[in-house]
Amino acid sequence: MTLPIIPRSMDAICLDHVVPTATGSHIVNAAPSSLATDGLLGEALALPAVPGYTNVSFGRGMRDAFALTDQYLRGIPPEAMDRIVERPLAGTPMSLDELAARADLMRLPVEIPVARLRATPATAIDLHRVLHFDAQGRLTARDGAAIVRVVPAEPRTPDPYATTAPDVRAAALRGGYPSARIVPVEEDRVQLGLPPALVAHTHGDALQGARPLHVSDLPSAPVSVASYGDLLAHIAAGPAAHALVEVRTAVPSGSDVRTAVPSGFEARTPAVSGSDVRTPAVSGSEARAASTTGANVRVPGTTEPEVFLAVHDAAGVAFLDPGTGRAALFPAAPDLIRVAALPGEMTVAERLLDLSAGGVATLPIQRPAGVVAHRTFGPSGLRAVDVLGPVPPKIVNVVSSAAEAIGQSVIVVGPQPRTGPSRRDLLRAEKMLFQHLQNGPAPIVLDYGGAGPKLADIARRWGAPVMRQSLGGGLDLARAWTGAGPDGSVAGPPFTEINADTLKAIGDRQRVPASVRTDPKLAAYLAMTLEDPAAVREALADAGTLKTLRAGIDALPADPQLFAAHTALLDLADRQSPLLDVAIDYLGETRGGQVSTLPAVHTVLNLEPEARSGALDDLKSITMGTLDDGAGRAILDAIQLRLNGAEAAAVERAVHAHSVYLPHGGRADFIRRLGAWKREMPEHGAVFDEVAVYVTTCP
């Protein structure tokens, strides 16, 4: 493909400043009559070709005439700019730091022969910005390299083909695209190899519906490489093939890492010994939670590993992130890079299916009571449209068709009669978000019930986009719908209908933060519904392993109540507490979403005062989460407060604060239960009488 480097705007720079050469252009700041005196021109004319790239060199004074030089470069089409490399002339030795400064000034890659590289005791630049080539211009490792190149910290064309037509992208790929691309695209992320739009053009269909990759997918004995330049050289040097790439990034000890804490809650200190928060994904590594809101928590160590698929084929070298369905975005400054070749010849689509069938197990979705899967699709049915609350069938059917077309899950939250979504519905929606994020990109959260800021806050903590109806209601789809990205930014103007294009515009799949994913074994435990005592007992039989992963719960950006019951049960099992059986029996009473009859109270009140208070705390934790047994929690809290000597007003407030869980029609059952406890435990009769009064007078 021939790419012009003459500016498309003919008045961008006088063309008598541009001298064509056999391998590119030489830019001068002089009248044509003085070219004969430009001693650098002969050197520019003799520059060797760089396969896939166009040379640009500058005559004397051009770097000082920066405005003119920048004007020339801004006039070059992005597709051509992506293949331009500056070749400094005059043979002056330069250090890596000087090359980096020049690259940052011009916002162009800069390269020189290694023979001209001036050694320095130390270098300040990030070595992940450095590429090496052999004498023929092929990527190679640092040892034995003939040419060294440094890429700019801020490129001119992060995605040069983002707005081009498919035929232009196809033409760019004909004959293979240059592999030597290290392009910063975010504050802490870089893109390698094929530009994102060319990745989408070549591999987009194969990526749809693929599951995220995990460190356990790596074959044995991966090879470590020192930098992104060496990684590109390693992949490009071999035959056409596939490989998995693992990257990890250290967080300096004592650095501030933002951990997601819901608005209105206190930041929690992880309940583990010492100050380290161990992430469950890799033993010995530390968790780093990322969020746009929340409290700062110091979390030293290493982030959860990220794994991507490297593809070397006729199009060039590409790095894919099946979890987002896009080109991979690598951490800007990794501390560990490992690569492992994958055996067998197969297409990218076949490779992704093969990886989905083996390696780390996907998380089977477990839906709490009240959540209905309207439609499932994708690999193993792991994508779905999940519905909470009453939503018109017309809305659900249209959303389901659009979601399946783009291969992305949607969680639709509808209103309760005469109210918005309940607290329980919001917790259930959050639990569905957690589960879907373990298997793929963040689902789109569709707010049909007017949940507003509460649901938006949940989605923001987990990095999920939100779509909500902004005008009107009823069955009319031709209303205004607005969307917001995970950061709260509005995704374009209001939409008048729901279809695949509008869902894609709002929910275009982003990189999922490592903080929302956890060890598969722990994820399966947290996904478990708690209404089935047999399943709970089976899961807790492996409490020893789960205990080692316990800190992973605190690292998640979850509402503190979401996994409170799972955490309490795990702690009871770890302590081998006799209360565990009582707690599991309590869960059996909640099956089907029915309010518990609090069978555990009799056992707990027979304990010594100190043990009794701790046991009541455990039971209150178990009432939380998607069970959301607010009535049971109110009565347990009231009993605990009274036994601990709290004033009557405090006990009354504890019950009345849960009035929504104690409707008038259901209070008789609790009053009868309190009366039965009075007969069974007369020593606490006055407490039960008082709590019964507050239940009766609940507003």
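Attention here is on the structure that accompanies the text. (Residues numbered from 1 in each chain as written. Predicted model: local features only at pLDDT ≥ 70, side-chain atom pairs only at ≥ 80, totals over all residues. Heavy atoms only, no water.)

1. Quick look at the packing of aromatic side chains
Inference 1: All chains considered together, the criterion is met by eight aromatic pairs.
Inference 2: With a centroid separation of 5.9 Å and 80 degrees between ring planes, the pair formed by Tyr161 and Tyr177 is classed as edge-to-face. Pair noted here: Tyr161 is in the loop between β7 (147–150) and α5 (166–173) and Tyr177 is in the loop between α5 and β8 (182–186), with a separation of 16 residues, a long-range link. Across this residue pair, the class does not change: Tyr161 and Tyr177 are buried.
Inference 3: Taken together through their ring pairs, the aromatic side chains of Tyr228, Phe308, Phe319 and Phe330 make up a single cluster.
Inference 4: Cation over ring: Arg149 sits above Tyr53, and NZ or CZ is 4.3 Å from the ring centre.
Inference 5: One cation-aromatic arrangement involves Arg633 over Tyr661; the distance from NZ or CZ to the ring centre is 5.9 Å. (Phe/Tyr/Trp six-rings, centres within 6.5 Å; stacked < 30°, edge-to-face > 60°. Helix = DSSP H or I, 4+ residues; strand = E, 2+ residues; numbered from the N terminus. Buried < 20%, exposed > 50% of the residue type's maximum accessible area, 1.4 Å probe, protein only. Lys NZ or Arg CZ within 6 Å of the ring centre and 35° of its normal.)

2. Concerning the nonpolar core
Inference 1: One finds Trp462, Tyr525, Leu540, Leu569, Ile622 and Ile639 to be the most contacted residues of the largest nonpolar core, which totals 82 residues.
Inference 2: Ile622 has contacts with Ala565, Ala568, Leu569, Leu572, Ala583, Tyr586, Leu587 and Leu627, leaving out every residue within four places of it along the chain.
Inference 3: Membership of the second largest hydrophobic core comes to 29 residues, among which are Tyr53, Val190, Ala233 and Phe330. (Core = buried A, V, L, I, M, F, W, Y, C linked by side-chain atoms within 4.5 Å. Contact = heavy atoms within 4.5 Å.)

3. With respect to the sheet that holds strand β21 (residues 371–377)
Inference 1: Taken in spatial order, the six strands line up as β21-β22-β23-β24-β25-β26 in an open sheet, and their pairing is mixed. At either end of the open sheet lies a strand with only one pairing partner, and these are β21 and β26 (481–484). Strand-to-strand twist across the sheet, computed as the mean angle between neighbouring axes with direction ignored, equals 15 degrees.
Inference 2: Those strands touched by helix α9 (residues 393–406) are β21, β22 (383–388), β23 (410–413), β24 (444–447) and β26, and its axis lies near 40 degrees from that of β21. (Pairing = 2+ DSSP bridges. Axes fitted to C-alpha atoms, helices over the stretch in contact; angles between N-to-C directions.)

4. Comments concerning the packing of helix α21 (residues 630–643) against helix α24 (residues 685–696)
Inference 1: At a minimum axis distance of 10 Å, the contact between α21 and α24 shows a crossing angle of 135 degrees. Taken as axis vectors, α21 and α24 run oblique relative to one another. The handedness of the crossing between α21 and α24 comes out as right-handed. Of α24, the residues touching α21 (which contributes Ile635, Ala638, Ile639, Arg642 and Leu643) are Val687, Phe688, Glu690 and Val691.
Inference 2: Tallied by class, the residues present in the contact of α21 with α24 amount to seven nonpolar, no polar and two charged. (Parallel < 35°, antiparallel > 145°, perpendicular 65-115°, else oblique. Left-handed = near helix turned anticlockwise from the far one by under 90°. Nonpolar A, V, L, I, M, F, W, Y, C, P; charged D, E, K, R; others polar.)

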